[in-house]
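Secondary and tertiary structure notes
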Amino acid sequence: MEKDLRFRREEKLKSWSAIGRMFKEGQSFGQYPLRFVWLPMEAGSADFPVQFTVSVPKKKFKKAVDRNRLRRQIRETYRLHKQILYRNLDPTQQVYALMVIYVAKDMLEYPEIENNMNRGLRRLSKILRELPPQPTPKED
């Protein structure tokens, strides 16, 4: 069985309201240099179990070139390792919004970012697996 390693449009989190809710109601943990913030969303709102976005603060990285490079590296590591999450989640039961925030003050090398993304996704997968199932809201 071949893995689908594409990062599709439907997997991207673009909703400003969902992102705002993540900061108010979401849960998080740190896996230096990354911070993982997630929030359960309505089931059936997406075709994939996780909708993903990245944030690199302008306060720490003034140059857009640096921010864009870090965003690309983080998205690439997520694209390569997202199967860790997908193996344990069913999009028909629960969909999650996931934001990864780069918290380090320096630009770290790609292998270090990749290693910590892998660890963070494994940790998140374990957390989400242990959560009790959320009741899904029914539409009338």
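This text follows the structure it describes.
Scope of this entry: the structure provided in the associated data block.

Calculation rules
- Residues numbered from 1 in each chain as written.
- Predicted model: local features only at pLDDT ≥ 70, side-chain atom pairs only at ≥ 80, totals over all residues.
- Heavy atoms only, no water.
- Helix = DSSP H or I, 4+ residues; strand = E, 2+ residues; numbered from the N terminus.
- Expected span 1.5 Å × (residues − 1).
- Buried < 20%, exposed > 50% of the residue type's maximum accessible area, 1.4 Å probe, protein only.
- Contact = heavy atoms within 4.5 Å.
- Polar contact = N/O pair within 3.5 Å; in protein donor to acceptor, adjacent residues only side chain to side chain.
- Pairing = 2+ DSSP bridges.
- Axes fitted to C-alpha atoms, helices over the stretch in contact; angles between N-to-C directions.
- Core = buried A, V, L, I, M, F, W, Y, C linked by side-chain atoms within 4.5 Å.
- Salt bridge = Lys/Arg side-chain N within 4 Å of Asp/Glu carboxyl O.

So, on to helix α4 (residues 110–130). In an α-helix there are 3.6 residues to a turn, and that puts residues three or four apart on one side. For α4, built from 21 residues, the straight-helix expectation of 30 Å at 1.5 Å per residue is met to within 8% by its first-to-last C-alpha distance of 30 Å. Every buried residue belonging to α4 is among I113, N116, M117, N118, G120, L121, L124, S125 and L128, and all of these are buried. Packing partners of the buried residues in α4 comprise β1 (27–31), β2 (34–41), β3 (50–55), α2 (64–81), α3 (83–86) and β4 (95–102).

Bringing the environment of K82 into the picture now. If you trace the backbone, K82 turns up in the loop between α2 and α3. Expressed as a C-alpha distance, the spacing of K82 and F7, which sit 75 residues apart in the sequence, is 9.4 Å. Excluding residues within four positions of it along the chain, K82 makes contact with D4, L5, R6, F7, E11 and L121. Looking at K82, its side chain comes within polar contact range of the main-chain oxygen of R6, at 2.3 Å. Within the structure, K82 has its side chain in polar contact with the side chain of E11 (distance 2.9 Å).

Counting buried positions over the eight residues of β4 gives eight, a clear majority of the element. Burial along β4 is two-sided: V95, A97, M99 and I101 facing one way and Y96, L98, V100 and Y102 facing the other are all buried. By the bridge criterion, eight bridges tie β2 to β4 in an arrangement that is antiparallel. For P40, the partnering residue across the bridge sits in β4 and is Y96.

Spatially, β1-β2-β4-β3 is the arrangement adopted by the four strands of the open sheet, whose pairing is mixed. For this open sheet the edge positions go to β1 and β3, each flanked by a neighbour on one side alone. Averaged over neighbouring strand pairs, the angle between their axes works out to 20° when direction is ignored. The strands touched by helix α1 (residues 16–25) are β1, β2, β3 and β4; relative to β2, the strand with the most contacts, the crossing angle is about 105°. Against the sheet, α4 touches β1, β2, β3 and β4, its axis set at about 35° to β2.

Ranked by size, the top nonpolar core spans 29 residues in total, and within it F52, I74, Y78, L85, L98, Y102 and M117 carry the most contacts. Broken down by element, the residue count for this core peaks at five residues, all from α4. Not counting residues within four places of it along the chain, the set of residues in contact with M117 comprises L34, F36, F52, I74, T77, Y78 and V100. One finds I19, M22, M41 and M99 within the second-largest nonpolar core, a separate group that totals ten residues.

A few words on the pattern of salt bridges. Scanning the model with the defined rule gives three salt bridges in all. The partner of E11 in a salt bridge is K82, with the nearest N and O atoms 2.9 Å apart. Here E11 is found in the segment before α1, whereas its partner K82 is found in the loop between α2 and α3, with 71 residues between them in sequence. Given a relative accessible area of 0%, E11 falls into the buried group. Owing to a relative accessible area of 1%, K82 belongs among the buried residues under this scheme.

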